[in-house]
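Listed below, chain by chain, are the residues.
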Amino acid sequence: MKKISIFIAGCLTVGMLSCQEKKDEKDSNKSEVPEAVAMAFQKKYPGENDPDWEQDEHGYWESHFKQDGEKYRADFNTDGSWVETENDIKTENLPEAIKKVIKEKYSDYEITEVEHVISAKKGEFYDVEFKQKGKNKDVEFREDGTELN
């Protein structure tokens, strides 16, 4: 019985340590965010104090956060310069002009994702992803239905 108790205590200890290790990794990832990026985020989104951070394949620092119950992602360069902010929206919330163009030109495609994007370089646009064989097709639209790409 004593051996079983020691075995159970050992398993619990290992389990607790592995959970602590994951928490420490997440916390250390937060501390790796460059100060310029963290400061730029706070300036752009005051009051948002707990974003989740990761660095993407382009080298951008991505902050994931919620505002008014909606999920957002804001990208920053390492020097703190803002790149873009996007959030998922429902297809029915697209501007009517974009819905019209989709109906005319892309009615054979299934929409897999719609994002509202505000970009430092491109301004405001909507990114609509259509399902197709291989890599999905992304089409960017201005509010008036004009295509960017």
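Residues numbered from 1 in each chain as written. Predicted model: local features only at pLDDT ≥ 70, side-chain atom pairs only at ≥ 80, totals over all residues. Heavy atoms only, no water.

A. Quick look at unusual backbone geometry. Phi at D68 takes a positive value of approximately 50°, unusual for a residue other than glycine. Within the fold, D68 resides in the loop between β2 (61–67) and β3 (70–76). (Helix = DSSP H or I, 4+ residues; strand = E, 2+ residues; numbered from the N terminus.)

B. Region of the structure containing the side chain of R73. Counting through the fold element by element, R73 comes out in strand β3. There is a polar contact of 2.9 Å between the side chain of R73 and the side chain of D75. In this structure R73 touches E62, S63, H64, E84, T85 and E86, once residues within four positions along its chain are discounted. (Polar contact = N/O pair within 3.5 Å; in protein donor to acceptor, adjacent residues only side chain to side chain. Contact = heavy atoms within 4.5 Å.)

C. Quick look at the sheet that holds strand β1 (residues 52–55). With antiparallel pairing, the seven strands of this open sheet are ordered in space as β1-β2-β3-β4-β5-β6-β7. Looking at strand neighbours, the two that pair on one side only are β1 and β7 (137–141), the edges of this open sheet. Pairs of neighbouring strands in the sheet enclose a mean axial angle of 25°, with direction left out of account. One ladder, built from four bridges, connects β3 with strand β4 (residues 82–88); its direction is antiparallel. In the strand pairing of β4, A74 is matched with T85. (Pairing = 2+ DSSP bridges. Axes fitted to C-alpha atoms, helices over the stretch in contact; angles between N-to-C directions.)

D. Quick look at the environment of W61. Structurally, W61 is set in strand β2. Between the C-alpha atoms of W61 and G80, which are 19 residues apart in sequence, the distance is 8.9 Å.

E. Geometry of the packing of aromatic side chains. Throughout the structure, instances matching the rule amount to eleven aromatic pairs. Geometrically, the ring pair formed by Y106 and Y109 is tilted, given 6.0 Å between the ring centres and 55° between the ring planes. Taking the centre distance of 6.3 Å and the plane angle of 90° together, the rings of Y106 and F141 count as edge-to-face. Of the two residues, Y106 is situated in the loop between α3 (96–105) and β5 (110–119) and F141 in strand β7; the sequence distance between them amounts to 35 residues. Each of the two residues, Y106 as well as F141, counts as buried. Following the ring pairs from residue to residue traces out a cluster consisting of F41, Y45, W53, F65, Y72 and F76. (Phe/Tyr/Trp six-rings, centres within 6.5 Å; stacked < 30°, edge-to-face > 60°. Buried < 20%, exposed > 50% of the residue type's maximum accessible area, 1.4 Å probe, protein only.)

F. Molecular detail of the pattern of salt bridges. Applying the stated rule across the entire model yields seven salt bridges. Two residues, R73 and E62, come together in a salt bridge whose shortest N-O distance is 3.8 Å. With R73 in strand β3 and E62 in strand β2, this pair connects stretches of sequence that are eleven residues apart. Of the two residues examined, R73 and E62, each falls in the buried class. Put simply, E62, R73, D75, E84 and E86 are held in one network by salt bridges that share partners. (Salt bridge = Lys/Arg side-chain N within 4 Å of Asp/Glu carboxyl O.)

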